[in-house]
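# Chains, contacts and geometry: an overview
So you can see what is in the structure, the chains are spelled out below.
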Amino acid sequence: MNIKIAPSMLSADFANLERDLKEVEKSGADFLHVDIMDGHFVPNITMGPDQVAQIRKKISIPFDVHLMISEPLKYINQFADAGADIITVHVESEGDIQACIDTIVKKGVKPGLVLSPDTPLKVLEPYLDQIKMVLIMCVYPGFGGQSYLSGCTQKIRECRKMIGSRAIDLEIDGGINFNNLKEVVDAGANVIVSGSCLFKGEIQKNMKRFRKIIEE
Ligand code: DX5
Ligand code: ZN
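Note that this is a predicted model, so its numbers are computed, not measured. (Residues numbered from 1 in each chain as written. Chains lettered and ligands numbered in written order. Predicted model: local features only at pLDDT ≥ 70, side-chain atom pairs only at ≥ 80, totals over all residues. Heavy atoms only, no water.)

### Structural notes on the side chain of Asp 64
Among the structural elements, Asp 64 can be located in strand β3 (residues 63–68). Buried charged residue Asp 64 carries no salt bridge. Nearest counter-charge: Lys 110, at 10 Å. Of note is the side chain of Asp 64, whose polar atom sits 2.8 Å from the side chain of His 33. Filtering out sequence-adjacent residues up to four positions away, Asp 64 remains in contact with Ala 6, Phe 31, Leu 32, His 33, Val 34, Ile 86, Thr 88, Met 133 and Glu 171. (Helix = DSSP H or I, 4+ residues; strand = E, 2+ residues; numbered from the N terminus. Buried < 20%, exposed > 50% of the residue type's maximum accessible area, 1.4 Å probe, protein only. Lys, Arg positive; Asp, Glu negative; His and termini not counted. Salt bridge = Lys/Arg side-chain N within 4 Å of Asp/Glu carboxyl O. Polar contact = N/O pair within 3.5 Å; in protein donor to acceptor, adjacent residues only side chain to side chain. Contact = heavy atoms within 4.5 Å.)

Pasting the structure below:
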C-alpha cells in the first residue's frame with residue numbers, strides 16, 4: 001500500500017512558519033496537515049480561514065484540513081475557498097454531518113470524518129459510501145506532543161476491515177513516532193499525521209527515517 005505522510009503544522013515554529021513549511025515541502029511530504037481549533041470543541045485555538053489562505057499562496061502540496069470546531073458547517077465554504085484539498089469533520093461536533101459532507105463535496109473538496117478516541121467506528125456506517133477519508137484520533141484532540149493511546153491499534157485494524165475495498169484513506173493522528181509507526185501501518189493506516197516527532201530536529205532527516213521504517 002502507498003503510505004502517505006502528513007506533517008502537522010501545529011508543531012512548526014510559527015515565528016518561522018515559511019521556513020518550516022518549505023522544509024516540509026522539500027522533504028517530500030504528501031499533505032500538509034492543518035489543525036483548526038476553536039477553543040470550544042477543543043480547549044485550544046489555532047487559526048482561521050484567512051491564515052490558511054495566506055499559507056496556501058506559499059505552499060503547493062495538498063492541504064489536509066482537520067476541523068476541531070463545534071460548528072463545522074458554518075466554516076466549510078471558507079476553508080474550501082482558502083485552498084483546502086481535504087476537509088475532515090469530527091462526528092462529535094454539533095450539527096448535521098450529512099450536510100457537512102454535502103457542502104464539502106459541492107466545493108469540489110474531498111470529504112472525511114474524524115473520530116475522537118472514545119467514539120465507536122459504527123457511527124461511520126451511514127457515510128462510508130460518501131467519504132474519501134477516515135481520520136482516527138490516537139490522542140484526545142487539542143494539543144500536539146501527547147502520547148499514543150495504545151487501544152487505537154485495534155481500532156485502526158477494525159476500521160481497515162470496515163473500509164474493505166472502498167477507496168477511502170485511513171488517516172491516523174496523534175502520538176505517532178519512530179517507535180510506533182510500524183505498528184500503525186501494519187494495522188492498516190495509510191495516511192500518517194505527525195507533529196512533534198517530525199518537527200523535532202531536522203524535518204528532512206526525520207521524514208527519511210519515517211519512509212525507511214515504512215519500507216521495512
Ligand atoms: C491534535 C492534532 C494533531 C497534532 C498531532 O489534536 O489533531 O494533528 O498536531 O501532534 P503529535 O504528532 O505531536 O501528536
Ligand atoms: Zn490533526
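So much for the structure itself; the text now carries on.
### A few points about the UniProt feature "binding site: substrate" (unreviewed entry) in the protein chain
What UniProt calls "binding site: substrate" (unreviewed entry) maps, in this numbering, to Ser 8, His 66, Gly 142, Phe 143, Gly 144, Gly 145, Asp 173, Gly 174, Gly 175, Gly 195 and Ser 196. Its location among the elements puts Gly 174 in the loop between β7 (169–173) and α6 (181–187). Residues contacting Gly 174, with those up to four places away along its chain left out, are Cys 138, Val 139 and Tyr 148. Relative to the assigned elements, Gly 195 resides in the loop between β8 (191–194) and α7 (196–199). If sequence neighbours within four positions are ignored, Gly 195 has contacts with Ser 8 and Ser 11. (UniProt positions renumbered as here; feature names shortened; annotations may be inferred.)

### Describing the coordination of the zinc ion (ligand 2)
Summarising the metal site, the zinc ion (ligand 2) is bound by the protein donors His 33 (NE2), Asp 35 (OD), His 66 (ND1) and Asp 173 (OD), whose distances to it range over 2.0 to 2.3 Å. Its six donor atoms give the zinc ion (ligand 2) angles of 69 to 169 degrees at the centre, a pattern that matches the octahedral case. (Donors = N, O, S within 2.8 Å, 3.2 Å for Na, K, Ca; no water. Tetrahedral: all angles 85-135°; square planar, octahedral: opposite > 155°, others 65-115°.)

### Quick look at the site of ligand 1
With respect to spatial proximity, 20 residues lie near ligand 1, and among them Ser 8, Asp 35, Asp 173, Gly 195 and Ser 196 are the closest. Contact distances for ligand 1 include 2.8 Å between an oxygen atom and a backbone N or O atom of Gly 195. A distance of 2.5 Å is found between an oxygen atom of ligand 1 and a side-chain nitrogen or oxygen belonging to Ser 196. Out of a free accessible area of 380 Å², ligand 1 has 100% covered by protein chains. (Near = heavy atom within 4 Å. Areas by Shrake-Rupley, 256 points an atom, 1.4 Å probe, with all protein chains shown as cover.)

### Things to note about the pattern of salt bridges
Following the criterion strictly, the structure yields 12 salt bridges and no others. Notably, a salt bridge pairs Arg 19 with Asp 20, separated by 3.1 Å at the nearest N-O pair. In this structure Arg 19 comes out as partly exposed when scored by relative accessible area, which is 48%. Linked through salt bridges whose partners overlap, the residues forming this network are Asp 13, Arg 19 and Asp 20.

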